[in-house]
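Each chain is listed here by its residues.
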Amino acid sequence: MKILSRSLIALALLAPIAAHAHKAWLLPSATVISKDQWITVDAAVSNDLFYFNHVPMRTENLSITAPDGSVVAAVNTHTGQYRSVFDLQAVQNGTYRIAIVNNGLFANWEEGGQPKRWRGTAEAFAKEVPADAAKLQVTQAANRMETFVTAGAPDTVALKPSGVGLELLPVTHPNDLYTGETATFKFHIDGAPAADLAVTIIAGGSRYRDQPEEMQLKTNAEGALEIQWPHAGMYWLSASIQDNKATTQPAKARRAGYVATLEVLNP
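Residues numbered from 1 in each chain as written. Predicted model: local features only at pLDDT ≥ 70, side-chain atom pairs only at ≥ 80, totals over all residues. Heavy atoms only, no water.

Participant: What am I meant to see in the packing of aromatic side chains here?
Facilitator: Working definition: an aromatic ring pair is given by the centre-to-centre distance plus the angle between the planes. Counting across every chain of the model gives 4 aromatic pairs. Here Trp25 and Phe50 contribute two aromatic rings whose centre-to-centre distance is 5.5 Å and whose plane-to-plane angle is 80°, an arrangement assigned as edge-to-face. One end of the pair, Trp25, is in strand E1 (residues 23-28); the other, Phe50, is in the loop between strand E3 (38-46) and strand E4 (55-56), with 25 residues separating them in the sequence. Residues Trp25 and Phe50 agree in their burial class; the two are buried. Cation over ring: Lys23 sits above Trp236, and NZ or CZ is 5.8 Å from the ring centre. One residue, Arg83, lies across the ring of Phe52, its end atom 4.2 Å from the ring centre. (Phe/Tyr/Trp six-rings, centres within 6.5 Å; stacked < 30°, edge-to-face > 60°. Helix = DSSP H or I, 4+ residues; strand = E, 2+ residues; numbered from the N terminus. Buried < 20%, exposed > 50% of the residue type's maximum accessible area, 1.4 Å probe, protein only. Lys NZ or Arg CZ within 6 Å of the ring centre and 35° of its normal.)

Here it is, written out as structure tokens:
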């Protein structure tokens, strides 16, 4: 059986709930840089947005896609009491996609009157979950948390969707966001447009405000929405889906969450 760390549980379970709960995030030291520069990324689950004060985000499922589409490794990775941290050197021109992705199945059942829980791949399910499990419930779960860094001019090779879970398809490039301009994003769920999807956007610095600076938006029939940024700074974008349209057997329920950290600049 697989035992989940607290941060993986947070990413799997907290993403779909209200914006006022714990928030999982990646925070790069910069999002627009020159080639060969370094960036440092913090990863945490926190009570206050972009302040590490709860638990670190584990980086076992960290994936960094380079501008040419290749996967590159983070360096100087360290996990402390409240955050994980890692470095990346942008040796290529273009856009890097930095993501922590957790996909698989969650199962709950009873054994000898005691609750049991399991998480793993669809291939491992038949081997690790009893075929005669009592009160078995299986959920297809896909959660993606990501941010984007561009060295030089932005491009879109690393932004190609996987077709798994809830994903952002940037009509407006995520490193080309400015105050006074309208950004357009599209969302897909398992490769199909995510229509009528509720999307929450919160500006950073909420620790110093009585009320979070929050926008609540919904996608149209094509899964698209438009965003007007009120001011420059870092923003946390979150969306989730829970339904009974699982695409992986033997799951019936489907739960998908998406989180992105975006930087908006002054023109």
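Okay, back to it.
Participant: For this particular structure, what's the right way to read the side chain of Thr31?
Facilitator: For Thr31, the location among the structural elements is in the loop between E1 and strand E2 (32-33). A distance of 2.5 Å separates polar atoms of two side chains, one belonging to Thr31 and the other to Glu263. When residues no more than four places from it in sequence are discounted, the contact partners of Thr31 are Phe148, Val149, Thr150, Asn175, Met234 and Glu263. (Polar contact = N/O pair within 3.5 Å; in protein donor to acceptor, adjacent residues only side chain to side chain. Contact = heavy atoms within 4.5 Å.)

Participant: Whenever I open this one, the pairing of strand E8 (residues 84-89) confuses me. Can you help?
Facilitator: Counting buried residues in E8 gives 5 out of 6 residues, a clear majority hidden from the surface. Judged from the 6 bridges that link them, E3 and E8 form a sheet pairing that is antiparallel. Bridging from a neighbouring strand, Trp38 pairs with Gln89 of E8. Where strand E7 (residues 75-79) hands over to E8, the hairpin turn is made up of 4 residues, counted between the paired strands. (Pairing = 2+ DSSP bridges.)

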